[in-house]
Structures are given as structure tokens and as C-alpha cells.
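What follows is the residue order along each chain.
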Amino acid sequence: MPSTQVPVIDLGPWRSGDPAARARTAARVDEALQTAGFLLVTGHGVDPELPVRIREAARTFFRLPARAKEPYAVSVGGRGWLGPGAEANSYAEGTASPPDLKESWSWAAEDPTGVPSVDAEWFRPNTWPAEVPGLRAPVAEYLAAMRALSDELLELLAVALALPEDHFTRHTGHPTWGFNVNWYPGAEVTGEPLPGQFRIGPHTDFGTVTVLDREPGAGGLQIHTDEGGWQDAPWEPAALTVNIGDLLARWTGDRWRAGRHRVLPPPAHAPAEELLSLVYFYECDAHTRVESLPAPVGRVAHEPVDSHVYLRAKLDAITVP
């Protein structure tokens, strides 16, 4: 995939405070998000040992027998273990498919707002697997880093649209978010993929920005563009992969596209390939009114939506009964 479609964005010049460097960074971001909806981000300052520690602990859990994991089973949007067959992301696009070939452990926002109806739906306590006590500390540290980075990215994105820096972050004072550790086991665990079955089916994410720490693999991430169709996503060892979701695309009046993507099934030439991804989904404050930016920035005037009515409908759509 050409680097012009998914460029590497170094946050160092943005953080330097130099107006010219910040302007150049913002211009590159604006251009990239009009094509693929993806960026590779370096200079982010996230401790590289955190993903290593999280993967080590998470693999210990995922390799447990099913009977040990079942007490933690939840449905999409819950806090706990999403087992095989729980999710089919292609349904977010209205496309029927077999369930995704993955397992996940999911966390989400838990600090209450004080509004009972909101807290009951969106801010509930997280669950931690007792079998891997070493998971909690690195995840907690990683989540704090992801929250700070996501807000910084939203500030950069606002400037890329020639808006005030807080245009989006004024709506992330007490946001919802989700964090998945996705385990993509080999074919010896999943079995032979069914026709149209992926580790994650084609879809766009639902929120504002998604920050992904991923491992390269033959059965890995692919990105769709109108010009090139499906292509393997570029990968840089020190980079985080960032894409925008549906809510932010709507907010920009479709100036920027939500990054459409999928994760390939275990490849025939490497059926035992195992990958583990860390996926942070950032959203906004509960029940934010998301209204398209007008022309000339925006290109499509979508009907305003309630952010969390929209998010709930998407989460329900990908849930396998």
C-alpha cells in the first residue's frame, strides 16, 4: 500500500510547538484521512514494554482450556471474555458472514458519571481474570497512555481541519472507550475457515479514533481503498496504527473516511500462525450530539446523531445471538 495513503506521522514535530512543523504535520494527516482513513504514528512515547507484558499475560489466559475461560464469558460490549463465535463484524455493514475467528478480552469505561441511566449502560466495573494476575498492572498503565494519546490525536485532527484545537476534546471530558486484546489463534484451534470467514470481517470502527498495537502476519490486517481495493496494511515496528471511526467521519461531513478494514483468516501456507492485537477504541462523552461540519470542510450533511444511540446500534449489530 503506498505510503501516501497510509503515511508514517511522527508526533515529534507536532509536539515541538513550532508552528510550521505543526502545520506540515496537520496537512499530511488531512490528506491521508481523505483516502484510507489510516495513519502509522511514531514518536508517541508509549512504553514499548507495556504491549510485550500485556501479550505475555494475555496469551497465558487465552491458551487456558475453554472450561477455565467460560466463567468470564460476556457478549459484545461487556467486560470479560468474548469467546469463539461471539462476534461477526461484517454485520456492521449489513453483510451476513460466519462469526469472526478470534477470541477477545474486553475492558471498557468504568468510572461513573453520577448519572444512573448512563452509568448502568456505559460505565460498569471491569473484570480481571484471576488466572493471570500479571495482566492488570500493564493494562492499567497502557489504558492511561491510550487515553492521553487519543486526546492528543483528536487535537491534531481538529487543527488539520482548521478548527480550534479543542473542537473534539471538549466532548471527551468523561468519554466512553473500549479496549480489546484480540487473540487470533492458528487453524489448529479455529478449524478450516468457512467461505467468507475472517479473523475479523470487513467493517469500519464505530467511534472517533482507534489506536492499534499489532503484530505483523500473513493473516493480518488489510485496508480497503476505492483506488486499490484490499491491500495489506503497512507495518512499522515502532508505530501504532491509527484509524478513524464512523462518528468522526460523520463529524467531518465525510471529508475523512472511516478506515474500512478486515483481518485475514489463518493463511494456508502458515496455518499455525498466532497473532495478538491490542485495540483501543476511543469515543466521546455519552450522548454527544454529532453534527456534520458544514462546507467547505464537510462534504456530506448527515443527519445529526446521538453518539451513544449510534454506538449501541452498531454493537448490537455485530453481536452473534
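What you are looking at is a predicted structure, and each value in this text was computed from that prediction instead of being measured. (Residues numbered from 1 in each chain as written. Predicted model: local features only at pLDDT ≥ 70, side-chain atom pairs only at ≥ 80, totals over all residues. Heavy atoms only, no water.)

K.L.:
Mind showing me how you'd approach the overall build of the protein chain here?
P.N.:
Check the secondary structure of the protein chain and you find nine helices and 14 strands. For a compact globule of 321 residues, the expected C-alpha radius of gyration is about 20 Å, and the protein chain comes in at 19 Å, within 12% of that figure. If one aligns the C-alpha atoms of the protein chain with their principal axes, the spans along those axes are about 55 × 50 × 40 Å. Taken across its 321 residues, the protein chain has 56% of its residues classed as buried. For the protein chain, the share of sequence-separated contacts (at least 6 apart) that also reach a separation of at least 24 residues comes to 78%. Accessible surface, the protein chain as shown: approximately 13200 Å² in total, 56% of it carbon and sulfur. Charge-centre separation for the protein chain: the mean point of 27 positive side chains lies 1 Å from the mean point of 42 negative side chains. (Helix = DSSP H or I, 4+ residues; strand = E, 2+ residues; numbered from the N terminus. Rg over C-alpha atoms; globule rule 2.2 N^0.38 Å. Buried < 20%, exposed > 50% of the residue type's maximum accessible area, 1.4 Å probe, protein only. Contact = heavy atoms within 4.5 Å. Areas by Shrake-Rupley, 256 points an atom, 1.4 Å probe, with all protein chains shown as cover. Lys, Arg positive; Asp, Glu negative; His and termini not counted. Charge placed at Lys NZ, Arg CZ, Asp CG, Glu CD.)

K.L.:
Help me understand the layout of surface pockets, please; the structure alone is not making it clear to me.
P.N.:
A water-sized probe rolled over the atoms picks out the places where empty space is left. Estimated volume of the largest pocket: approximately 310 Å³. Lining the largest pocket are 16 residues, and of these Ala109, Glu110, Asp111, Arg147 and Trp177 sit closest to its centre. Those elements giving two or more residues to the lining of the largest pocket turn out to be α6 (136–160) and β5 (175–184). If you tally residues by element for the lining of the largest pocket, the top one is α6, at five residues. Its volume calculated, the second largest pocket comes out at about 260 Å³. (1 Å grid on protein atoms, 1.4 Å probe; cavity = no way out; pocket = protein on both sides within 12 Å on 5 of 7 lines; lining within 4 Å. Points joined across faces, edges and corners; volume = space filled by probe spheres on them.)

K.L.:
When you look at empty space enclosed by the protein in this model, what are you seeing that I'm missing?
P.N.:
Under the criterion given, the structure shown has three cavities of 30 Å³ or more. As a volume, the largest cavity reaches approximately 670 Å³. If you trace the largest cavity, you find 47 residues lining it, with Glu87, Asn180, Asp205, Val279 and Phe281 closest to the centre. Elements represented by at least two residues in the lining of the largest cavity include exactly β4 (103–108), α5 (116–122), β5, β6 (200–203), β7 (209–213), β11 (261–263), β12 (275–285) and α9 (307–317). The element best represented in the lining of the largest cavity is β5, accounting for seven residues. Residues that form the lining of the largest cavity fall into these classes: 22 nonpolar, 17 polar and eight charged. (Nonpolar A, V, L, I, M, F, W, Y, C, P; charged D, E, K, R; others polar.)

K.L.:
Can you walk me through the side chain of asparagine 180 in this structure?
P.N.:
Among the secondary structure elements, asparagine 180 is positioned in strand β5. A polar contact is formed between the side chain of asparagine 180 and the side chain of serine 106, at a distance of 2.7 Å. Look past the residues within four positions of asparagine 180 in its chain and what remains in contact with it is Ser104, Trp105, Ser106, Ser277, Leu278, Val279 and Phe281. (Polar contact = N/O pair within 3.5 Å; in protein donor to acceptor, adjacent residues only side chain to side chain.)

K.L.:
I keep staring at the packing of helix α3 (residues 49–62) against α6 and nothing clicks. Help me out?
P.N.:
Each packed pair of helices is defined by two parameters, the angle between the axes and the distance between the axes. The N-to-C vectors of α3 and α6 enclose an angle of 140°; their axes lie 9 Å apart at closest approach. Regarding the angle of α3 to α6, the classification is oblique. Crossing handedness for the pair α3 and α6: left-handed. Between α3 and α6, the residues in contact are Leu50, Pro51, Arg53 and Ile54 and Ala137, Pro138, Val139, Glu141 and Tyr142, respectively. (Axes fitted to C-alpha atoms, helices over the stretch in contact; angles between N-to-C directions. Parallel < 35°, antiparallel > 145°, perpendicular 65-115°, else oblique. Left-handed = near helix turned anticlockwise from the far one by under 90°.)

K.L.:
In this structure, what is going on with α3? I would like to understand it.
P.N.:
Every α-helical turn comprises 3.6 residues, leaving residues that sit three or four positions apart pointing alike. A rise of 1.5 Å per residue sets the reference length of α3, with its 14 residues, at 20 Å; its end C-alpha atoms lie 20 Å apart and thus fit the reference within 8%. Considered for burial, the residues of α3 that qualify are Leu50, Pro51, Ile54, Arg55, Ala57, Ala58, Arg59, Phe61 and Phe62. (Expected span 1.5 Å × (residues − 1).)

K.L.:
Sorry, what's going on with the sheet that holds strand β9 (residues 229–232) here?
P.N.:
Each strand in a sheet pairs with its neighbour through backbone hydrogen bonds, running either in the same direction (parallel) or in the opposite one (antiparallel). What the four strands build is an open sheet, ordered β6-β11-β8-β9; its pairing is antiparallel. Either end of the sheet is taken by a strand with one partner, and the two such strands are β6 and β9. With direction set aside, neighbouring strand axes in the sheet form an average angle of 20°. Two elements, β6 and β11, share two bridges in a ladder whose sense is antiparallel. Directly across from isoleucine 200, in β11, lies its bridge partner valine 263. (Pairing = 2+ DSSP bridges.)

K.L.:
What is the right way to read the side chain of histidine 308 from this model?
P.N.:
For histidine 308, the position within the fold is in helix α9. Of the residues examined, histidine 308 reaches a relative accessible area of 1% and is grouped as buried. Within the local environment of histidine 308, its side chain forms a polar contact with the backbone nitrogen of histidine 287, the two atoms lying 3.2 Å apart. Setting aside residues up to four positions removed in sequence, histidine 308 forms contacts with Trp122, Thr176, Glu283, Cys284, Asp285, Ala286 and His287.

K.L.:
Just to check I follow, could you spell out the packing of aromatic side chains for this structure?
P.N.:
What describes a pair of aromatic rings is the distance from one ring centre to the other and the angle between the planes of the rings. Counting across every chain of the model gives twelve aromatic pairs. Between phenylalanine 61 and tryptophan 105 the ring centres are 5.0 Å apart and the planes differ by 85°, which places this aromatic pair in the edge-to-face class. In this pair, phenylalanine 61 sits in helix α3 while tryptophan 105 sits in strand β4, placing the two residues 44 residues apart along the sequence. Exposure remark for phenylalanine 61: the relative accessible area of 2% places this residue in the buried category. Under the relative-accessibility criterion, tryptophan 105 is labelled buried at 2%. On the basis of an interplanar angle of 40° and a centroid distance of 5.5 Å, the ring pair of tyrosine 142 and phenylalanine 179 is categorised as tilted. Of this pair, tyrosine 142 sits in helix α6 while phenylalanine 179 sits in strand β5; the two residues are 37 residues apart in sequence, bridging distant segments of the chain. Judged by its relative accessible area of 0%, phenylalanine 179 falls in the buried class. The rings of Phe61, Phe62, Tyr72, Trp105, Trp107, Trp128, Tyr142, Phe179 and Trp183 are connected pair by pair, giving a single aromatic cluster. (Phe/Tyr/Trp six-rings, centres within 6.5 Å; stacked < 30°, edge-to-face > 60°.)

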